[in-house]
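Reading the structure
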Amino acid sequence: MDNKILAIVAVVIIAIVAVAAFVTLSGNGNQSTPDTPDTPSFEPVVVTDAIGNQVTVKNKVDRVALTELAHVELFATIYGEGWENHVCMMPEDISTRDASLGAYIEKTWPVLKNVPKCPDLYASLASNPTGVAEQILNTEPDLVILPGATMMWLTGIDSFYKLFSDSEVPVFISTFYTLGLTDSIVELNYGSLGKIFGTEDRTNEIVKMYQNSLKTVKDRLAGKSIDDTRIFYEVPYADVSNYGGVVNMGVPEVDILGYNVLKDLGVPMDNEYNLEKLVKADPDWIFLVDTSYYGMDQLTGYFMKEDTQKAQATLQKIIDARGGWADLDAVKDGHLVLLYGEFRFTFTDLFNLYLMASIIYDDVVSQKDIDDLMSGFSKYLPWKFEGFFSYQYEL
């Protein structure tokens, strides 16, 4: 057989072998090749939430139930672009707790308008814990974020937690202002959730920014006799003649900047606070929290415009409604401040610390420090950090 014939035979044999191999691999042409996943399989994640509970997430989180307004900011900040497509429940009071922010959210992300709403947990869990749990579970969440400042103060709601446990839906409890302004609290909230959502690079930056910014203020306060600066901090009710009482949940910025005169009352706080006790406490500064959650008209917050005339009228109304306030040294010195109240639940609680420090002390926080902090927030927040956040009483 000549070389030409041998070459042809060799080519034919190679072709036959190739076809046979293809048929074998493809299951004789009757079966398709197995699908190759586009993304790696999800590895279960175990983290510690903000109040020390171990949270196990076995499956990729695609649907998140947000039960409080602050959780909208928290989740959007941690997740980043596209966060709105993963929300299966929104807080019911989004339009009333912070009207300006709520209106912005609903206008900017209209897809959220039709998302099922979660009732106010503090009001609803006490009477119907099972019903609330079922309402949340009906949205088919992969993760539920609950407010620690609410959950820590409620009892008799074991049936609420049991439904989530039975359904194998992980629950993460987030809190800041009750335990806030520490190096660890930002890691327990942002760091832990970053591991769940796979955004650790982003949350590591947030944790570092928070810790460095907190350290800056603490370092500058070192050596000052802060206990000599006596501070009264209150969240007024709609009837401003009555003293508010929610401050027993903790005011960490006050504890850093001065002496919280409410400590003298013990814990929980005596809700029957009155002028006699305030005169005895002799505060150097009085901070009143502005929040519509307790029925006040909103004067401060994201995207709010300055309205000094209305703010001064509000402060004067409080002074007039509380006999003897006009004679308090703090009021006579102009040391009465109205302060935005919704920064207490996320990493933006740093802003209240910086703002209060700049008001109380001349040499701790500058306007540049505040501007830099606002720029840092804007880098991670789903919206630009802008608005009007405090008013000081004008004599």
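Values in this document were obtained by computation on a predicted structure and should not be read as measured data.

**Considering the sheet that holds strand 5 (residues 117-118)**
The strand order across the open sheet formed by 5 strands is 5-4-3-6-7, and the pairing between neighbours is parallel. Lying at the two open borders of the sheet, with one neighbouring strand each, are strand 5 and strand 7 (171-174). With 2 bridges connecting them, strand 4 (residues 87-91) and strand 5 associate as parallel partners. Across the sheet, M90 pairs through a bridge with K117, a residue of strand 5. Strand contacts of helix 8 (residues 183-197): strand 3 (64-66), strand 6 (143-147) and strand 7, with the helix running at about 155 degrees to strand 7, the strand carrying the most contacts.

**A short note on the packing of aromatic side chains**
A full pass over the atoms with the stated rule returns 32 aromatic pairs. Between Y104 and F303 the ring centres are 4.3 Å apart and the planes differ by 25 degrees, which places this aromatic pair in the stacked class. In this pair, Y104 is assigned in helix 3 (residues 99-108) and F303 in the loop between strand 11 (301-302) and helix 12 (308-321), connecting sequence segments 199 residues apart. Among the residues examined, Y104 registers a relative accessible area of 27% and is labelled partly exposed. Owing to a relative accessible area of 22%, F303 belongs among the partly exposed residues under this scheme. Measuring from ring centre to ring centre gives 5.8 Å for Y302 and F343, while their planes differ by 85 degrees; the resulting arrangement is edge-to-face. Residue Y302 is found in strand 11, and its partner F343 is found in the loop between strand 12 (336-340) and helix 14 (349-360); the two are separated by 41 residues along the sequence. The ring of Y243 has R322 sitting right over it, with the charged end atom 4.3 Å from the ring centre.

**Some thoughts on the pairing of strand 8 (residues 230-234)**
Extensive coverage of strand 8 is indicated by the burial of 4 of its 5 residues. One ladder, built from 2 bridges, connects strand 8 with strand 9 (residues 259-260); its direction is parallel. From the neighbouring strand, R230 faces strand 9, where its bridge partner is Y259. Where strand 8 lies against strand 10 (residues 285-290), 4 bridges are found, and the strand directions are parallel. The residue bridging E234 from the neighbouring strand is L288, located in strand 10.

**Details of the side chain of E68**
Tracing the sequence through the fold places E68 in the loop between strand 3 and helix 2 (69-79). There is no salt bridge for the buried E68, and the closest opposite charge comes from R97, which lies 4.4 Å off by N-O distance. With near-sequence residues (within four places) excluded, E68 lies in contact with P91, R97, P147, T150 and F345.

**A word on a negative patch on the surface**
Residues D227, D228, D282, D284 and D333 make up a contiguous surface patch of negative charge. With respect to the element layout, D333 can be found in the loop between helix 13 (329-332) and strand 12.

**Examining the nonpolar core**
Within soluble globular proteins, side chains that are nonpolar generally end up buried alongside one another. Grouped together as the largest cluster of nonpolar side chains are 78 residues, with contacts concentrated most on I105, I196, F287 and F351. Filtering out sequence-adjacent residues up to four positions away, F287 remains in contact with I231, F232, Y233, E234, V337, L339, M356, I359 and I360. Grouped together as the second largest cluster of nonpolar side chains are 25 residues, F232, Y259, W325 and Y391 included.

**Let's talk about the sheet that holds strand 8**
Strand pairing within a sheet occurs via backbone hydrogen bonds; the two strands may be parallel or antiparallel. Strand order in the open sheet made by the 5 strands is 9-8-10-12-14, with mixed pairing throughout. Two strands lie at the open edges of the sheet, namely strand 9 and strand 14 (390-392), each paired on one side alone. Pairing of strand 10 with strand 12, which is carried by 5 bridges, proceeds in the parallel orientation. Opposite I286, over in strand 12, you have L336 as the bridge partner. Along the sheet, helix 12 contacts strand 10, strand 12 and strand 14; its crossing angle with strand 14, the most-contacted strand, is approximately 65 degrees.

**A look at the confidence of the model for the protein chain**
Scored by pLDDT, the protein chain comes out at a mean of 86, with 86% of its residues at no less than 70. Across the protein chain, element-level confidence peaks in strand 3 with a mean pLDDT of 98 and bottoms out in helix 1 (residues 3-25) with 40. In this model residues 1-37 is a low-confidence stretch, pLDDT under 50, and it forms 4 contacts with partners more than four residues away in sequence or in other chains.

**Comments concerning the pairing of strand 4**
Counting buried residues along strand 4, 5 of its 5 residues qualify, which places the element largely inside the surrounding structure. When strand 3 meets strand 4, the two strands line up parallel, connected through 2 bridges. Along strand 4, the bridge assignment pairs V64 with V87. Crossover handedness for the path strand 3 to helix 2 to strand 4: right-handed.

**Focus on unusual backbone geometry**
The phi dihedral of E140 is positive, around 55 degrees, even though this residue is not glycine. Relative to the helices and strands, E140 is located in the loop between helix 5 (129-137) and strand 6. Residue F303 is not a glycine yet carries a positive backbone phi of 65 degrees.

Criteria and thresholds
Residues numbered from 1 in each chain as written. Predicted model: local features only at pLDDT ≥ 70, side-chain atom pairs only at ≥ 80, totals over all residues. Heavy atoms only, no water. Pairing = 2+ DSSP bridges. Helix = DSSP H or I, 4+ residues; strand = E, 2+ residues; numbered from the N terminus. Contact = heavy atoms within 4.5 Å. Axes fitted to C-alpha atoms, helices over the stretch in contact; angles between N-to-C directions. Phe/Tyr/Trp six-rings, centres within 6.5 Å; stacked < 30°, edge-to-face > 60°. Buried < 20%, exposed > 50% of the residue type's maximum accessible area, 1.4 Å probe, protein only. Lys NZ or Arg CZ within 6 Å of the ring centre and 35° of its normal. Lys, Arg positive; Asp, Glu negative; His and termini not counted. Salt bridge = Lys/Arg side-chain N within 4 Å of Asp/Glu carboxyl O. Patch = residues over 30% accessible without salt bridge, like charges linked within 9 Å, V, L, I, M, F, W, Y side chains within 5 Å. Areas by Shrake-Rupley, 256 points an atom, 1.4 Å probe, with all protein chains shown as cover. Charge placed at Lys NZ, Arg CZ, Asp CG, Glu CD. Core = buried A, V, L, I, M, F, W, Y, C linked by side-chain atoms within 4.5 Å. pLDDT = per-residue confidence, 0-100. Right-handed = clockwise from strand over helix to strand, strands pointing away.

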